[in-house]
Amino acid sequence: MSLEYAILVSLRERAGSGYELARRFDKSIGYFWAASHQQIYRSLKRMVELGWVDCDEVAQQKRPDKKVYRVSDSGAEELARWIAEPASTRNDLTVKLRGASFGDVGRLREEFARQRDQHAARIAIYREIERRDFPDTAKLSGQALHQHLVLSGGIHTEQALLEWCEETIRALDDDQDRGT
């Protein structure tokens, strides 16, 4: 995922300076997408050049002027386009969900259904490998034990992601039924 999309989500939630964005990243979205202050400032400069964000200079007493960034119309369109396309990583998916109200929620729900199906398919593959290669897990030791533990970690990870996708789909469906 490009840092720019995480910034667009954050700026759609609330306009702010580069410093304020960095603080927000430290407290919330940064758990899914980490960025240094320098990366945020470089991205903001690039986003201004692309026309995705606008910048207003706010005069401050005894301090340099502060630049406050907000999403432009073309930035809002770009964010909506990105939210609607398939996610390539879990971090993409979390940022897309965070910004769902700025895009097509129906398309995002479809993406969660696609992701759910992928996780279910991986679990089935992993379980087949487990049945084939580790028929008696109670007797494993050494390298075979280590290999099985890695496989087990994969099964647990995929199961958790499958459950998260199912929870998200239900919540999005319920939200739609409530008419919001």
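Along every chain, residues carry numbers that run from 1 in the direction the sequence is written. Reporting in this predicted model follows two pLDDT cut-offs: at least 70 for local features of residues, and 80 or more for side-chain atom pairs to be given and counted; totals over whole chains, interfaces and linings ignore these cut-offs and use all residues. Calculated side-chain values reflect all of the structure's heavy atoms, with hydrogen atoms and water omitted.

Quick look at the domain arrangement of the chain now. Domain start and stop points were drawn from an automatic or database domain assignment. For the chain, the assigned domains read domain 1 (3–84) and domain 2 (92–179). For domain 1 versus domain 2, the separation of C-alpha centres amounts to 31 Å. Taken together, the 13 residues of domain 1 in the interface contact 11 residues of domain 2. Of the roughly 1,200 Å² buried at the junction of domain 1 and domain 2 (both faces included), carbon and sulfur atoms supply 66%. Pairs of residues are marked as contacts when any of their non-hydrogen atoms sit within 4.5 Å. Accessible-area loss on putting two parts together, using a 1.4 Å probe and summing over both, is the definition of buried area adopted here.

With that out of the way, let us pick up the UniProt feature "domain: Transcription regulator PadR C-terminal" (unreviewed entry) in the chain. UniProt positions are given in the numbering used here, feature names are shortened, and annotations may be inferred rather than shown by experiment. When the UniProt feature table is mapped onto this chain, "domain: Transcription regulator PadR C-terminal" (unreviewed entry) is found at residues 89–173. Within residues 89–173, the helical portion is 82% and the strand portion 0%, while the C-alpha atoms at the span's ends are 23 Å from each other. Each helix corresponds to a stretch of at least 4 residues labelled H or I by DSSP, and each strand to a stretch of at least 2 residues labelled E; elements are numbered beginning at the N terminus.

In a soluble, globular protein the nonpolar side chains are often hidden away together inside. By size, the foremost hydrophobic cluster in this structure holds 24 residues, and its most contacted members are I7, L8, L11, F25, I40, L44 and L79. Of all the secondary structure elements, the ones that give two or more residues to this core are α1 (3–13), α2 (18–27), α3 (37–50), β2 (66–71) and α4 (73–84). Dropping the residues within four chain positions of it, L8 is found in contact with M47, W52, V53, V71, G75 and L79. Think of a nonpolar core as a cluster: buried Ala, Val, Leu, Ile, Met, Phe, Trp, Tyr and Cys residues, connected wherever their side-chain atoms sit within 4.5 Å. When a residue's accessible area, from a 1.4 Å probe over protein chains only, is under 20% of the maximum for its type it is buried; when over 50% it is exposed; and in between it is partly exposed. In this structure, A87, A100, L108 and C165 belong to the second largest nonpolar core, which totals eight residues.

When the centres of two rings from Phe, Tyr and Trp lie within 6.5 Å, Trp using its six-membered ring, the rings pair. Their planes under 30 degrees apart give stacked, over 60 give edge-to-face, and anything left gives tilted. In this structure the tally under the stated criterion is three aromatic pairs. Ring centres of Y5 and W52 lie 5.7 Å apart, and the angle between their planes is 40°; on these two criteria the pair is classed as tilted. Taken together, the positions of Y5 in helix α1 and W52 in the loop between α3 and β1 (53–58) put the pair 47 residues apart, joining distant regions of the chain. As far as the burial class goes, Y5 and W52 line up, both buried. When the ring of F112 is compared with that of W164, the centres are 5.2 Å apart and the planes differ by 75°; the resulting orientation is edge-to-face. Highlighted residues: F112 in helix α6 (residues 105–133) and W164 in helix α7 (residues 142–177), separated in sequence by 52 residues. A residue is classified by how much of its surface remains accessible, and F112, at 0% relative accessible area, is buried. One aromatic cluster is present, built from ring pairs that chain together Y5, W52 and W82.

What a helix is expected to span follows from its residue count: subtract one and scale by 1.5 Å. If you check α6, its first and last C-alpha atoms are 41 Å apart, about what 29 residues at 1.5 Å a residue would give, namely 42 Å. For α6, the set of buried residues is L108, E111, F112, A113, Q115, H119, I123 and E130. Where α6 is buried, its residues contact α4, α5 (90–98) and α7. Capping the start of α6 is the job of one residue whose side-chain oxygen sits 3.0 Å from the backbone nitrogen of G106: D104. Two N or O atoms form a polar contact when they lie within 3.5 Å of each other; inside protein one atom must be a possible hydrogen donor and the other a possible acceptor, and for residues adjacent in sequence the pair counts only when both atoms belong to side chains.

Mapped onto the elements, Q115 comes out in helix α6. On the basis of relative accessibility, which here comes to 8%, the residue Q115 falls in the buried class. Along the chain, Q115 and T89 lie 26 residues apart, while their C-alpha atoms are 10.0 Å from each other. Apart from residues lying up to four places away in sequence, Q115 is in contact with A87, L93 and C165.

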